[in-house]
Amino acid sequence: QDGAWAVVFNGEIYNFIELRRELQAQGVRFHSDSDTEVLVEGLARWGVGVLERCNGMWAILAWHRPTRTLHACRDPWGIKPLYVTGQAGWLGFASEIKALSVLGADLGGVDPVAARRFLDDAHLDLDERTMFQGVRRLAPGILYRYRDGRALSDEPYGDGTARVDLPRIVPGEAGEAAYVDAFRSAFLDAVRLRLRADVDIGTCLSGGLDSTAISCAAARFLGSGTAAGGANAERVHACRHAFTAQMREFDESRYIEPVIAQTGARWHVT
């Protein structure tokens, strides 16, 4: 609100509702329902420490006007991409390398190490190298700081763990049931948070255990039209669509059909 922070944000903060309530309790007034505004107000209240509180996926550029410092980061798991290029006195950032060419930057020739990795082993995104010598990929979970077109520092800001309260397990003292319960809590909470959306929710459903579990868990939460949360439950959109790519050589319909019957989703097959 004082103009100290501005952001360019690509992604989604799944626990923005909890962060919003925390900020409201501290007197912050919001003008939208977006997770982006929560991010900006979190920066104003906690600085870059807000990143430690966020559960989600993102590529963020955060400009701090008083110090003229640019902060750039990706989520700890590296789900969202972010690239940087630069020449004397300026830097350019984008989520796709081809967007950097619009800036008129010299992206450089082909990086021979990256090219060899791809041609020999089909490896991509192993480190900060890209196919262009003049373009660097920002590493996940690292906070980069820049000023006056120059890099100042880069340091880890998070360990990628879920920001939720889960059962604590002491290795060697817990039986199998404790690990099952801990996994169930983490899994269900992850699905619950991802049901927050402005549009109808769908799943990519194959015959595997992972997509089946996600679809059934989503249907469990959406049966009442609210995400779990007791008195603080919020309205969510119904999950009524499931999308499947069906291959002639490997048809998993016999595993998918019982899931469709149980969840009541509309099945879209291509």
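1. Thoughts on the confidence of the model for the chain
Scored by pLDDT, the chain has a mean of 87; 88% of the residues are at 70 or more. Strand β3 (residues 69-74) holds the highest mean pLDDT among the elements of the chain, 97, whereas strand β10 (residues 239-244) holds the lowest, 82. Low pLDDT, under 50, characterises residues 224-233; the predicted model gives this stretch 15 contacts beyond four residues in sequence or across chains.

2. Section: helix α5 (residues 112-121)
The N-terminus of α5 is capped by Asp111, whose side-chain oxygen sits 2.9 Å from the backbone nitrogen of Val113. Once α5 finishes, Ala122 follows within two positions and takes phi at roughly 60°, a positive value.

3. Side note on the side chain of Asn15
In this structure, Asn15 sits in the loop between β1 (5-13) and α1 (16-25). Look at Asn15 and you get buried, because its relative accessible area is 7%. From its side chain, Asn15 meets the backbone nitrogen of Asn55 in a polar contact 2.9 Å long. The contacts of Asn15, once residues within four sequence positions are left out, are Arg53, Cys54, Asn55, Leu193 and Arg196.

4. Structural notes on the pattern of salt bridges
Enumeration over the complete set of coordinates arrives at 11 salt bridges. Glu18 is paired through a salt bridge with Arg196; the nearest N and O atoms lie 2.7 Å apart. You can see Glu18 sitting in helix α1 and its partner Arg196 sitting in the loop between α6 (176-193) and β9 (201-204), a full 178 residues away along the chain. Accessibility expressed as a relative area gives 29% for Glu18, which makes it partly exposed. Assessed through its relative accessible area of 7%, Arg196 is described here as buried. Between Arg53 and Glu22 there is a salt bridge, with its nearest N and O atoms 2.7 Å apart.

Conventions adopted
- Residues numbered from 1 in each chain as written.
- Predicted model: local features only at pLDDT ≥ 70, side-chain atom pairs only at ≥ 80, totals over all residues.
- Heavy atoms only, no water.
- pLDDT = per-residue confidence, 0-100.
- Helix = DSSP H or I, 4+ residues; strand = E, 2+ residues; numbered from the N terminus.
- Contact = heavy atoms within 4.5 Å.
- Polar contact = N/O pair within 3.5 Å; in protein donor to acceptor, adjacent residues only side chain to side chain.
- Buried < 20%, exposed > 50% of the residue type's maximum accessible area, 1.4 Å probe, protein only.
- Salt bridge = Lys/Arg side-chain N within 4 Å of Asp/Glu carboxyl O.

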